[in-house]
Amino acid sequence: MFVCLGNICRSPLAEAVLKNKVLQANLEDYIYIESSGTAAYHLGENPDPRTTSVALKHHVPISHKAQQLNTHHFITFDYILVMDDSNSENVAKIKPSNSTSAFFKLRDFDSLHKRSDVIDPWFGDEEGFEECYQTIDRCTDELLLFLINKHHLAKG
Ligand code: 4NP
């Protein structure tokens, strides 16, 4: 489960990019991906048009309706991956104490800049969305390798 604030920019893009890689590796029976926001501002909305545009520019299909992270997700998902420190704080507020979901910042998987935030592109321009895509693309490459190794998945 990828998590950001509004679930219309960063996390639906991460969902789409990783889903595409999982499909290309024939791992869709083993890895199930969703995304959500900690806020309810955009519930039911499609991704921001700039998110869709950068995804399609890179030939990544994207289709999503914004949803809010809830306690049930901590049972359903083995991994919760947030985009920034503010998301971390918001997730910590609703995370059930008995949750066994592994928790990461997506940039923990960044081969260039570990542990920094995936910058929120919402207030910026198209360039910010392209940078966001590049960060997500890099991190999801590493994340997928991590999942393959950790769970002994064979790329088809
Ligand atoms: P996201 O970006 O968290 O990457 O989906 C945002 C989208 C909307 C808002 C903030 C961030 N907002 O304030 O409405």
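Refer to the structure presented above.
Rules behind the numbers
- Residues numbered from 1 in each chain as written.
- Predicted model: local features only at pLDDT ≥ 70, side-chain atom pairs only at ≥ 80, totals over all residues.
- Heavy atoms only, no water.
- Salt bridge = Lys/Arg side-chain N within 4 Å of Asp/Glu carboxyl O.
- Helix = DSSP H or I, 4+ residues; strand = E, 2+ residues; numbered from the N terminus.
- Buried < 20%, exposed > 50% of the residue type's maximum accessible area, 1.4 Å probe, protein only.
- Expected span 1.5 Å × (residues − 1).
- Contact = heavy atoms within 4.5 Å.

*Asks:* I'd love a proper account of the pattern of salt bridges, names of residues and values included.
*Replies:* Applying the stated criterion across every chain, the model contains 11 salt bridges. Arginine 10 is the salt-bridge partner of aspartate 120, the closest N and O atoms lying 3.6 Å from each other. With aspartate 120 in the loop between strand 4 (102–105) and helix 5 (126–150) and arginine 10 in helix 1 (residues 10–24), this residue pair connects regions lying 110 residues apart in the sequence. Its salt-bridge partner being aspartate 110, residue arginine 138 comes within 2.8 Å of it at the nearest N-O pair. Taken together, the residues span a long stretch of sequence, with arginine 138 in helix 5 and aspartate 110 in the loop between strand 4 and helix 5 at a distance of 28 residues. Judged by relative accessible area, aspartate 110 falls into the buried class, the value being 0%. Via salt bridges that share partners, Arg10, Asp84 and Asp120 belong to a single interconnected network.

*Asks:* With reference to specific residues and values, describe the environment of glycine 124.
*Replies:* Topologically, glycine 124 is positioned in the loop between strand 4 and helix 5. Assessed through its relative accessible area of 43%, glycine 124 is described here as partly exposed.

*Asks:* Mind laying out helix 5, listing which residues take part and the relevant values?
*Replies:* Between its terminal C-alpha atoms helix 5 stretches 35 Å, which fits the 36 Å expected from 25 residues at 1.5 Å a residue. Among the residues of helix 5, Phe129, Glu130, Cys132, Tyr133, Thr135, Ile136, Cys139, Thr140, Leu143, Leu144, Leu147 and Ile148 are the ones counted as buried. In this structure, the buried side of helix 5 is in contact with strand 1 (2–4), helix 1, helix 2 (49–57) and strand 3 (79–82). Among the residues trailing helix 5, histidine 152 stands out with phi positive, at a value near 55°.

*Asks:* I'd love a proper account of unusual backbone geometry, names of residues and values included.
*Replies:* Of note in this structure, asparagine 26 is not a glycine but carries a positive phi near 55°. As for its placement among the helices and strands, asparagine 26 is situated in the loop between helix 1 and strand 2 (35–37). At histidine 152, a position not held by glycine, the phi torsion is positive, near 55°. As for its placement among the helices and strands, histidine 152 is situated in the segment after helix 5.

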